Amino acid sequence: MHIFIFGLGYSSLAIAKLAMSKGFKVSGTTRSEEKAQKLEALGIEVISPAAWLGLDFTRFTHILSSIPPQSGYQEPDPAMRRGWIAYLSTTGVYGDWQGEWVDETSELRPNNERLNRRVAAEKEWLARGGHVFRLAGIYGPGRSAIDDVRGGTARRIDKPGQVFSRIHVEDIAQVVVASMLAPNPGSVYNGCDDEPAPAHEVVAYACKLLDMEPPPMIPFEQAEMSPMGREFYAANRRVRNDKIKRELGMELCYPSYREGLAQCLQSNPSE
């Protein structure tokens, strides 16, 4: 079993490590020479983005893309013709449901060009028998509310009724590798935990774990935010994860942010 990963980033590296523990060989791309050296030290074959066009993709049993689609970007045809193929997407494609629950059959309501490209990419992968994983807000060691609180960048935005779904990076790896071992071409899976929650609640819990005073609540209307930040707060939905449990037999390691943040703290108990 040999998987090729387009874009060995935060989530896909966790997938690669778990796949290797299951007996997979792993190859993939990164644009960073420094990161390439670290990946090769882990036993991952790194191929430069300029070189993969000449690859013989028939030697890979599994192919995964974690690269967000850009304007005019097209996935390589060889990656869409055989074996298990998959694309990491985002629950952002559901758009705004005013706090209602959504699942894999719900209408997609993208509200900007970035999400329109995501939807178009999903259609391309599914048309070729691919698997699509719609991932909620990704967090884990080195990339969580624990790190934001420690770094002094955590804020608590007060927008009544607003919730977000999220998923720990290790559970992303679990979901994807479970699919690799039990392919179901043309399937879409939501990757999220059991408990959508307001972001300010997550920050408060991180402060509790760190025995620190939480930052004050800031009314949404008064908060200074980037365009991307306001875009996230413009959509409100709760994402269901029943399908990964039913079809892939998933038992989440971190069913809520509480277990997930505790693990993040345990992995790095001090700065």
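Above this text you will find the structure in question.
Everything in this summary refers to the structure shown in the same document. (Residues numbered from 1 in each chain as written. Predicted model: local features only at pLDDT ≥ 70, side-chain atom pairs only at ≥ 80, totals over all residues. Heavy atoms only, no water.)

1. Here we look at the packing of aromatic side chains
Taken as a whole and assessed by the stated rule, the structure comprises eleven aromatic pairs. Between the aromatic rings of Y87 and W125, the centroid separation amounts to 6.1 Å while the plane-to-plane angle is 10°, which identifies the pairing as stacked. Highlighted residues: Y87 in strand β5 (residues 84-90) and W125 in helix α3 (residues 113-127), separated in sequence by 38 residues. A centroid spacing of 5.6 Å and a plane angle of 35° characterise the contact between F220 and Y233, whose relative ring orientation is tilted. Of the two residues, F220 is situated in the loop between β12 (217-219) and α7 (227-233) and Y233 in helix α7; the sequence distance between them amounts to 13 residues. As far as burial versus exposure is concerned, F220 and Y233 are alike and both buried. Positioned above the aromatic ring of F220 is the side chain of K159, whose terminal nitrogen or guanidinium carbon lies 4.6 Å from the ring centre. When the ring centre of F220 is taken as reference, the NZ or CZ atom of R230 above it lies at 5.0 Å. (Phe/Tyr/Trp six-rings, centres within 6.5 Å; stacked < 30°, edge-to-face > 60°. Helix = DSSP H or I, 4+ residues; strand = E, 2+ residues; numbered from the N terminus. Buried < 20%, exposed > 50% of the residue type's maximum accessible area, 1.4 Å probe, protein only. Lys NZ or Arg CZ within 6 Å of the ring centre and 35° of its normal.)

2. Considerations on the pattern of salt bridges
If charged atoms from side chains of opposite charge come close, those side chains can pair. The final tally for this structure, using the stated rule, is eight salt bridges. In this structure, the salt-bridge partner of E34 is K38, at a minimum N-O distance of 3.9 Å. One end of the pair is E34 and the other is K38, both in helix α2 (residues 33-41) and four residues apart, which spans about a single turn. One exposure class covers both E34 and K38, and it is exposed. Here R258 ties to E195 by a salt bridge, and the two come within 2.5 Å at their closest N and O atoms. (Salt bridge = Lys/Arg side-chain N within 4 Å of Asp/Glu carboxyl O.)

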